[in-house]
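Inside the fold
Given next are the chains, with one letter for each unit.
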Amino acid sequence: MTDHPAPLPNDEERQLVEWLADMNEDDALALAKRMLLEDGKDPLRVLELCRNAMDIVGKRFEEGEYFLPELVLAGEMLETIGAIAKPLIKNAPGEEARKLGKVLIGTVHGDLHDIGKNIVSFMLDINGFEVKDIGIDVPVQTFIDEIGAYQPDVVGLSGFLTLAFDSMKETIAAIDGAGQRGGLKIMIGGGQIDETVRAYTGADAFGVNAVEAVNLCKQWMEAA
Ligand code: B12
């Protein structure tokens, strides 16, 4: 399978990424609103541009050019755009009526990032899954209790910090130890997750974005 790089952004797209990355909140939000509500631009494309901008913000934070207030503002801008974009994302045809399976999702303990997780929850929901989102900084025991009560087909663990890898490993080991793994699939995701992290944590799979999360769940439900 070949990877198709995203098409090069046009001027307007480049402008949105630049304004978001530069903390130019008013202009960025006005442009995002126009793209979504007036020009009918694909909301998933707009969210992808937001992600590109967040990578730049993250880099500037790492390099000491930005500090916590910029991360907070970046998160707020993203949430505002996400709230406008989400209702515009169409349900997959025919998926409204039936539920494909149950997914329990949360951000692992020690980690408070939830914007990516919220997009995953939303995308699973509109693609026909019943989703229970148990929030951020979720203790291991809460996952165990919730799995026992909700009996999900899939558990999704989200985390953006490096320290989340250990929380994920710990959570998955506890799920195994509680004898809950049989028939249950575990997927992980978040900013830095890759195959090395998947192997380290013992998850069944990882996904780099919400579309991959949906595809993983669909594959597992079809195979079941
Ligand atoms: C916004 C932000 C914040 C906001 C979060 C707001 C919120 N409500 O989430 C705030 C200000 C709270 C924050 C705090 C901190 N942050 Co911060 N933050 C970010 C930033 C800029 C963007 C993250 C984001 O939301 N991206 C947008 C989403 C949409 O990203 P996405 O990856 O495309 O999401 C997709 C995938 O991740 C995937 N996915 C997500 N979850 C799941 C789950 C499953 C199961 C699957 C399959 C897929 C999946 O699907 C998503 C949708 O398509 C990142 C930089 C970056 N490049 O990501 C830093 C970043 C994550 N933060 C960082 C840091 C250091 C911190 C702080 C420690 C800063 C501090 N000194 O206090 C604190 C930590 C607080 C804590 N304990 O968690 C570092 C982490 C470094 C590391 N390796 O550990 C980063 C990478 C910045 C950097 N480059 O240094 N942060």
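Numbering of residues starts from 1 in every chain and runs along the sequence as written. For a predicted model such as this one, the threshold for reporting local features is a pLDDT of at least 70, and the threshold for listing and counting side-chain atom pairs is 80 or more; totals across whole chains, interfaces and linings nevertheless cover every residue. The side-chain quantities take in all heavy atoms of the structure and omit both hydrogens and water.

Bringing the pairing of strand β4 (residues 185–189) into the picture now. Taken residue by residue, a regular strand's side chains alternate between the two faces of the sheet. Counting buried positions along β4 yields four of five residues, so the element is predominantly enclosed. In this structure, strand β3 (residues 154–158) lies alongside β4, joined through five bridges in parallel fashion. Each residue of the ladder has a partner; that of S158, found in β4, is G189. Pairing of β4 with strand β5 (residues 205–207), which is carried by three bridges, proceeds in the parallel orientation. Bridge pairing in β5 links I188 to F206. Regarding topology, helix α8 (residues 195–201) serves as the crossover connection from β4 to the parallel β5, and that connection is right-handed. When accessible area is computed with a 1.4 Å probe and restricted to protein chains, residues below 20% of their type maximum are described as buried, those above 50% as exposed, and intermediate ones as partly exposed. Helix and strand definitions follow DSSP, with helices as H or I runs of at least four residues and strands as E runs of at least two, each counted in order from the N terminus. Pairing between strands is defined by DSSP: at least two bridges between the two strands are required. By convention, a crossover is right-handed whenever its connection, traced from the first strand over the helix to the second and viewed with the strands pointing away, goes clockwise.

Definition of nearness: a residue and a molecule or strand are near each other if at least one heavy atom of the residue lies within 4 Å of the molecule or strand. Around the ligand sit 39 residues in total, of which L112, H113, D114, S158 and T162 are the nearest. In protein, a polar contact requires one atom able to donate a hydrogen and another able to accept it; more generally it is a pair of N or O atoms within 3.5 Å, and residues adjacent in sequence count only if both atoms are side-chain atoms. Within the contact set of the ligand, a nitrogen atom lies 2.7 Å away from a side-chain nitrogen or oxygen of D114. One nitrogen or oxygen atom from the main chain of I115 is found 3.4 Å from an oxygen atom belonging to the ligand. Three categories are distinguished: nonpolar for Ala, Val, Leu, Ile, Met, Phe, Trp, Tyr, Cys and Pro, charged for Asp, Glu, Lys and Arg, and polar for the others, with Gly belonging to the last. For the shell around the ligand, the per-class residue count stands at 18 nonpolar, 14 polar and seven charged.

Attention now goes to helix α9 (residues 210–223). Here α9 spans 20 Å end to end across 14 residues, near enough to the 20 Å set by a 1.5 Å rise per residue. Listed as buried for α9 are A210, A213, V214, L216, C217 and W220. Viewed end-on, α9 has its buried residues packed into an arc of 160°, placing them on one side of the element. Exposed residues lying more than 90 degrees from the buried face of α9 are E222 and A223. By definition, residues are in contact when any of their heavy atoms lie within 4.5 Å. As for α9, its buried residues are in contact with β1 (102–107), α5 (115–126), β3, β4 and β5. Sitting at the head of α9, N209 places a side-chain oxygen 3.2 Å from the backbone nitrogen of V211. Multiplying one less than the number of residues by 1.5 Å gives the expected span of a helix. Picture the helix axis, draw a direction to every C-beta atom, and the arc is the one those directions span.

Just geometry here; none of it tells us what the structure is for.
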